[in-house]
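# Summary of the model geometry
Residue strings, one per chain:
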Amino acid sequence: MASSLVFSSWIILMVMALGTFSNQTEAARAFFVFGDSLVDNGNNNYLATTARADSPPYGVDFPTHRPTGRFSNGLNIPDFISQQLGTDLLLPYLSPQLTGQRLLVGANFASAGIGILNDTGVQFINIIRMFSQLDNFEQYQRRLTALVGAQRAKQLVNQALVLITVGGNDFVNNYYLVPFSARSRQFSLPNYVQYLIFEYEKLLQRLYDLGARRVLVTGTGPMGCVPAEMAMRSTNGQCSAELQRAAALYNPQLVQMIQSLNSKLGSDIFIAANTQMMHNDFVKNPQAFGFSTSKVACCGQGPYNGLGLCTVASNLCSNRDQYAFWDAFHPSEKANRIIVQQIMSGTNAVMYPMNLSTILDMDSRT
């Protein structure tokens, strides 16, 4: 009799705990991520591609101290945004763990190596290009509908926060990948930028058509200042003037396109995050942010540790918080944290028309 009472009490406690978890999960705002290696949480781990971060020393400062597929020594930008939302870190969409209640948290659809254009990153072979990421989002919604019903699924997607980070690879892994690339023969740089913006608008429109109503859109960082480009193009320790010119052309036109699209839709659906300016702050004055260098990567080899992949055979710094860049292309965990702080509270100079704190506060009242 006593053992029966104990068993019954245990069942009741388990049901209560599961119910609490379900309510907490459903109450939290869902979060969806699209884009490239700056925001990939591990989808490429499930693909036959060279664009992977599933080996040490990647993840050395992650809570598990193991590589996860993030192109970081630890947490990346989506992780810090998840913390701000008060939700679990997102699972990659291809993870077999993304089932049941975990679907309510959202999903990360990003894939390292991709760009706005389908021919960007062809050297990586098997990656999830933007049109496929959006197809996966549509598939996700069918799975979600099967779990919670059509009305609840639509509400969750409409109320979710979305982050899209794409565009840098269209320059470094396409237009400037090799001298006289196909795209550089086809377009002058100003015309190429216009073409990218035109194609990007189509992607954002499809996101809207799929139900996204709060979308953070990041521009490119200071592409000419990343260690890889410093190693290949720098003279006298200066950033690559040509790639900096590309970023200077692209980012303002991206903001203009977002303004135009919001006007057409009649609402501030898309929020422009000027990540070039955010990066520029600590690229120009690393010491002000507690970095010892913004030119040399923590992990790598060659000039500025900017050549080749970050591997167990690479040079590896002992204090990752001293470095703005983790590897040849990607910010360190500390730099990612600073970027998200700017996304949360930055002025209109970096977050247009409003920062994420304002969005969350405003949406909490509706």
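Here the structure is a predicted model, which is why all the values come from computation and not from measurement.

## Things to note about the overall build of the protein
In terms of helices and strands, the protein carries twelve helices and eight strands. In summary, the protein has a C-alpha radius of gyration of 21 Å against a globular reference of 21 Å for 366 residues, a match within 12%. With respect to the three principal axes, the spread of C-alpha positions in the protein is 80 × 50 × 40 Å. The buried share of the protein, taken over its 366 residues, is 55%. By sequence separation, contacts in the protein at least 24 residues apart represent 70% of the contacts at least 6 residues apart.

## Details of the sheet that holds strand 8 (residues 351-352)
Here we have six strands laid out as an open sheet, ordered 2-1-3-4-5-8, and mixed in their pairing. Of all strands in the sheet, those with a lone pairing partner are strand 2 (106-108) and strand 8, marking the two edges. One ladder, built from four bridges, connects strand 4 (residues 215-218) with strand 5 (residues 270-273); its direction is parallel. Bridge assignment links Thr-218 to a residue of strand 5, and that residue is Ala-273.

## Comments concerning the nonpolar core
As a rule of thumb, soluble globular proteins bury nonpolar side chains together. Formed by 69 residues in total, the largest nonpolar core has its most connected members in Phe-32, Phe-34, Ile-164, Phe-171, Tyr-200, Leu-204 and Leu-207. With ten residues, the top contributor of residues to this core is helix 7 (residues 189-209). Setting aside residues no more than four positions away along its own chain, Phe-34 makes contact with Val-39, Phe-109, Ala-110, Met-130, Gln-133, Leu-134, Phe-137, Val-162, Leu-163, Ile-164, Thr-165 and Leu-207. In this structure, Ile-271, Phe-291, Ala-324 and Ile-359 belong to the second largest nonpolar core, which totals 39 residues.

Rules and cut-offs
- Residues numbered from 1 in each chain as written.
- Predicted model: local features only at pLDDT ≥ 70, side-chain atom pairs only at ≥ 80, totals over all residues.
- Heavy atoms only, no water.
- Helix = DSSP H or I, 4+ residues; strand = E, 2+ residues; numbered from the N terminus.
- Rg over C-alpha atoms; globule rule 2.2 N^0.38 Å.
- Buried < 20%, exposed > 50% of the residue type's maximum accessible area, 1.4 Å probe, protein only.
- Contact = heavy atoms within 4.5 Å.
- Pairing = 2+ DSSP bridges.
- Core = buried A, V, L, I, M, F, W, Y, C linked by side-chain atoms within 4.5 Å.

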